[in-house]
Amino acid sequence: MTTRTLFIGMDGCTFTILDDLCVEKDGQPAVMPFLGGLMARGTRSKLRSTPNPLTPPAWVSLMTGRSPGNHGLLDFIRAEEKNGDVFFTLYDSRDNRAETIWSIASRQDRRVAVLNLPFTAPPPKDLNGFMVPGFIPWRHLRRNTVPANFYDRLKQDLPGFDPKELAWDFEQEKQAVNDLTDEDRENWVRYHLPREKQWFEIAKFLLKEEAPELMAVMFDGVDKLQHQAWLFLDPALQHDGVSDYHKRMRKLCLDYFRQLDGFIEELVTMAGPDVQVFMASDHGFTATTEVVRINAWLFEKGYLHWKEVLDPDSEAAKRREESMFANLDWTKTTAYCRTPSSNGINIRVARNPGETGIKPEDYEAFREQLILDIKALKDPVTGESIVSEIHLREEVFAGPAMMDAPDLLLVLRDFGFVSIKNKLPIVEPREEPAGTHHPDGIFIACGPGIRKGVQIERRHICDVGATLLYSQGLEVPGDFEGKVANDMFIKPWLNQNPIRIGEATRGVSKDANAEGMADDEKDKLMAQLQMLGYME
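Per chain, the residues get numbers from 1 upward, laid out in the order the sequence is written. The predicted nature of this model means local features are confined to residues of pLDDT at least 70 and side-chain atom pairs, given and counted, to a pLDDT of 80 or more, with totals for whole chains, interfaces and linings taken over all residues. The side-chain numbers reported here are obtained from all heavy atoms of the structure, hydrogens and water having been left aside.

**Focus on the overall build of the protein chain**
Helix and strand counts for the protein chain come out as 19 helices and 19 strands. We call a residue buried when its accessible area falls under 20% of the maximum for its residue type, exposed when it is over 50%, and partly exposed in between, using a 1.4 Å probe and counting protein chains only. Per-residue burial over the protein chain gives 59% buried out of 536 residues. Long-range pairs, those at least 24 residues apart, make up 73% of the contacts in the protein chain with a sequence separation of at least 6. Accessible surface, the protein chain: about 22,300 Å² in total, of which carbon and sulfur atoms supply 47%. Comment: elements are numbered from the N terminus, with helices defined as DSSP H or I runs of at least four residues and strands as E runs of at least two. By definition, residues are in contact when any of their heavy atoms lie within 4.5 Å. Here the Shrake-Rupley method, with its probe set to 1.4 Å, supplies the accessible areas, and only the displayed protein chains count as covering residues.

So this is what it looks like as structure tokens:
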């Protein structure tokens, strides 16, 4: 048994950064020479993310070949209104309504290894191979690792295995606040160097000891560095005269990518010359230069209402400035944004007696007026629209999970996340550019049967899952929305290995006894999302 497909995920990776790091500059060697060579002898394309280019919907779309309206993971958290309040709970794999490629390959006798992919915990019951999930605290790794003895095997046989360093360490990640000191930001970058090495060592261990036919590992430090260190990475922001601190931070960031290039080289080399290598990201990255406070704007337009506070200097009034929904007047609020990461507006519809909101028969007219008001939000200097795109949920989230999606999805002109804080001004320039998600990520392929040295038209993130199944010689399920990226392959390979479309995916196998996170761990994870800017 040999590995025939190696998938390397890089959360938030963008060609904006990669193309700069893969070439010699100013007489200095490339930071990522191996990846540069791999792209030169393979195929690449931009990869369009989900309508809201965010970790949960995007990675799950990659793993299922289905859009968010069909698989159901729309955000980091799921929200529900009850009795005049909003309650949040974290999404996990049990909320995924679609079968993953890991399960599809497993039931067709392919051994798989899946490392650090988010929303894979609790793991599927029918997995044939190995899984160590990502996006969970280290205390939950043992019971969510497959097979059951693999965690102890790693502790015994893998030198340096440290679950506290491997998984999300919330005490360490508390450094990822919006306003970091110079020292905190430097420590934040340093923290991810050994953490990524842990995932690399497990991947190397599995390639050597088990050689699964489909091997997948995801490195998420790319995203986390770019959120806090975009200023030091974006080629457009590098110039003469920067501070010594800027130079030191850029060097530290380049050390991370240099290490990542070494990991990629060793994994590809270990997998062997006969392996097909694929790399992808869930979304890209760009610079956001302004803050748009959407709930403050909704208040200004009369859609959202805050509870009145008699004493504006009281502690209650001060807390309101930093709160999410504790001070919303639900009897009057008709539209609001739940989380920055949703980049959407929820319209409150009174569908049952006693509920507050607009009448169902007024929904279309209300939504149309809301859209017109959003379009009127313009830059007073240039006249440019602050919100560049407005999407109806039935257009971008069609499927059984559509009613869980925001009624309107907003795309800001700089692709930033909205703010939901009750602060003014509505639109405010940032003191310095910050990293934010861009809808175009990366898709790279190299190996036997792959075209060499070409760049193809942009593909969709749902195509990755279909392409990985094709690489395994498997049929693509008939209900997949993603298509095999056939333009990555040479014609003789496609002729010898024709694309086959099979039956629809099967129902998701869920373990009724699987344990979720404890409430205190959920609180910590929500705090982490808040620190990364996905919640406020």
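**Looking at helix H12 (residues 244-271)**
Expected span, for any helix, means 1.5 Å times one less than how many residues it has. A rise of 1.5 Å per residue sets the reference length of H12, with its 28 residues, at 40 Å; its end C-alpha atoms lie 41 Å apart and thus fit the reference within 8%. At the C-terminal side of H12, Gly272 shows a positive phi close to 100°.

**So, the side chain of Arg338**
Inspection of the secondary structure puts Arg338 in the loop between strand E10 (335-336) and strand E11 (344-347). On the basis of relative accessibility, which here comes to 14%, the residue Arg338 falls in the buried class. Whenever a nitrogen or oxygen atom comes within 3.5 Å of another N or O atom, the pair is scored as a polar contact, on the condition that within protein one atom can donate a hydrogen and the other can accept it, and that pairs from neighbouring residues in sequence are kept only if both atoms are in side chains. Among the polar contacts listed, one links the side chain of Arg338 to the side chain of Tyr336, at a separation of 2.9 Å.

**Looking at the packing of aromatic side chains**
Aromatic pairing here means that ring centres of Phe, Tyr or Trp (its six-membered ring) are within 6.5 Å. Orientation follows from the plane angle: under 30 degrees is stacked, over 60 is edge-to-face, and everything else is tilted. Applying the stated criterion to the full structure yields 14 aromatic pairs. Here Phe200 and Phe263 contribute two aromatic rings whose centre-to-centre distance is 4.2 Å and whose plane-to-plane angle is 10°, an arrangement assigned as stacked. On the criterion of sequence distance, the pair formed by Phe200 in helix H10 (residues 182-209) and Phe263 in helix H12 is long-range, its members being 63 residues apart. Taking the relative accessible area as the measure of exposure, Phe263 reaches 6% and is therefore buried. One aromatic cluster is present, formed by Phe76, Phe119 and Phe135 through successive ring pairs.

**Points about the nonpolar core**
The nonpolar side chains of a soluble globular protein tend to be buried, and buried together. Within the largest apolar cluster, 69 residues are counted, with the highest numbers of intra-cluster contacts made by Ile202, Phe219 and Phe257. With 13 residues, H12 is the single largest residue contributor to this core. Among all residues touching Phe219, those that are not within four sequence positions of it are Ile8, Gly9, Met10, Asp11, Asn116, Glu196, Trp199, Phe200, Tyr256, Leu260, Phe263 and Leu267. Only buried Ala, Val, Leu, Ile, Met, Phe, Trp, Tyr and Cys residues count toward a nonpolar core, and they belong to the same one when joined by side-chain atoms within 4.5 Å. Counting residues in hydrophobic clusters, the runner-up holds 54 residues, among them Leu54, Trp59, Ala105 and Phe489.

**Topic: the sheet that holds E10**
When DSSP finds two or more bridges between two strands, those strands count as paired. The strand order across the open sheet built from four strands is E10-E11-E13-E12, with neighbouring strands paired in antiparallel fashion. Edge strands, defined here as strands with exactly one partner in the open sheet, are E10 and strand E12 (387-392). Bridging between E11 and strand E13 (residues 408-412) involves two bridges; their strand directions are antiparallel. The partner of Ile345 across the bridge, within E13, is Leu408.

**A closer look at the pairing of strand E9 (residues 284-292)**
Counting buried positions along E9 yields seven of nine residues, so the element is predominantly enclosed. With eight bridges connecting them, E9 and strand E14 (residues 427-438) associate as antiparallel partners. Across the sheet, the residue bridging to Glu290 is Pro429, located in E14.

**Describing unusual backbone geometry**
With the exception of glycine, most residues fall at negative phi, and the peptide bonds are largely trans. The amide bond that connects Ala121 to the next residue, Pro122, takes the cis arrangement and shows omega of -5°. Tracing the chain through its elements places Pro122 in the loop between strand E5 (112-115) and strand E6 (129-132). Along the chain, Leu424 connects to Pro425 via a cis peptide bond; the corresponding omega equals 5°. Among the secondary structure elements, Pro425 is positioned in the loop between E13 and E14.

**Side note on helix H3 (residues 55-64)**
The buried fraction of H3 amounts to 10 of the 10 residues, a majority that puts the element mostly inside the structure. Those residues of H3 that are buried are in contact with strand E1 (5-10), helix H4 (68-71), helix H5 (101-106), strand E7 (214-219), strand E8 (276-280) and helix H17 (462-471).

**Overview of the side chain of Arg393**
Here Arg393 is to be found in helix H16 (residues 393-396). Beyond its immediate chain neighbours, meaning those up to four positions away, Arg393 contacts Arg351, Tyr363, Ala398, Met402, Met403, Ala405, Pro406 and Asp407.

**Digging into the environment of Lys197**
Within the fold, Lys197 resides in helix H10. In this structure the C-alpha to C-alpha distance between Lys197 and Glu165, which are 32 residues apart in sequence, comes to 9.5 Å.

**Re the pattern of salt bridges**
Here, a salt bridge means any side-chain nitrogen of Lys or Arg that lies within 4 Å of a carboxyl oxygen of Asp or Glu. Counted under the stated rule, the structure contains 33 salt bridges. The residue Arg44 makes a salt bridge to Asp19 at a minimum N-O spacing of 2.9 Å. Remark: Asp19 occurs in helix H1 (residues 15-21) and Arg44 occurs in strand E2 (residues 43-48); sequence separation between them is 25 residues. Given a relative accessible area of 32%, Asp19 falls into the partly exposed group.

**Structural notes on the environment of Gln226**
Along the chain, Gln226 turns up in helix H11 (residues 221-233). Counting along the chain gives 37 residues from Gln226 to Val189, while the straight-line C-alpha distance between them is 9.6 Å. Among the polar contacts listed, one links the side chain of Gln226 to the backbone oxygen of Gly12, at a separation of 2.9 Å.

**Describing the packing of helix H2 (residues 33-40) against H12**
Between H2 and H12, the shortest axis-to-axis distance is 7 Å and the interhelical angle comes to 55°. When the interaxial angle is binned, H2 and H12 end up oblique. Here Pro33, Phe34, Leu35 and Leu38 of H2 come into contact with H12, specifically with Asp261, Ile264, Glu265 and Val268. When residue character is reported, Ala, Val, Leu, Ile, Met, Phe, Trp, Tyr, Cys and Pro are called nonpolar, Asp, Glu, Lys and Arg charged, and the others, Gly included, polar. Of the residues that constitute the contact of H2 with H12, the class distribution is six nonpolar, no polar and two charged. All axes are obtained by fitting lines to C-alpha atoms, using only the stretch in contact for helices, and the reported angles, taken between N-to-C directions, cover 0 to 180 degrees. Each angle is binned into one of four classes, with values under 35 degrees roughly parallel, values over 145 roughly antiparallel, values of 65 to 115 roughly perpendicular, and all other values oblique.

**Thoughts on the state of the cysteines**
A pair of sulfur atoms, both from cysteines and within 2.5 Å, is called a disulfide here. Under the defined criterion, the tally for this structure stands at zero disulfides. Cys13 supplies the cysteine sulfur nearest to Cys22, a cysteine that is in no disulfide, at a spacing of 8.6 Å.

**Brief notes about the environment of Trp188**
Looking at where Trp188 falls in the secondary structure, it is placed in helix H10. Residues Trp188 and Leu225, spaced 37 residues apart in sequence, show a C-alpha to C-alpha distance of 7.8 Å.

**Details of the packing of H11 against H12**
Direction vectors running N to C along H11 and H12 enclose 150°, while the axes themselves pass 10 Å from each other. Judged by the angle between their axes, H11 and H12 are roughly antiparallel. With respect to the hand of their crossing, H11 and H12 are arranged in left-handed fashion. Contact residues: H11 offers Gly221, Val222, Leu225, Gln226, Ala229, Leu231, Phe232 and Leu233, while H12 offers Tyr245, His246, Met249, Arg250, Cys253, Leu254, Tyr256, Phe257 and Leu260. For the contact of H11 with H12, the residue count by class is 13 nonpolar, three polar and one charged. Crossing handedness follows the turn of the near helix against the far one: under a right angle anticlockwise gives a left-handed crossing, and clockwise gives a right-handed one.

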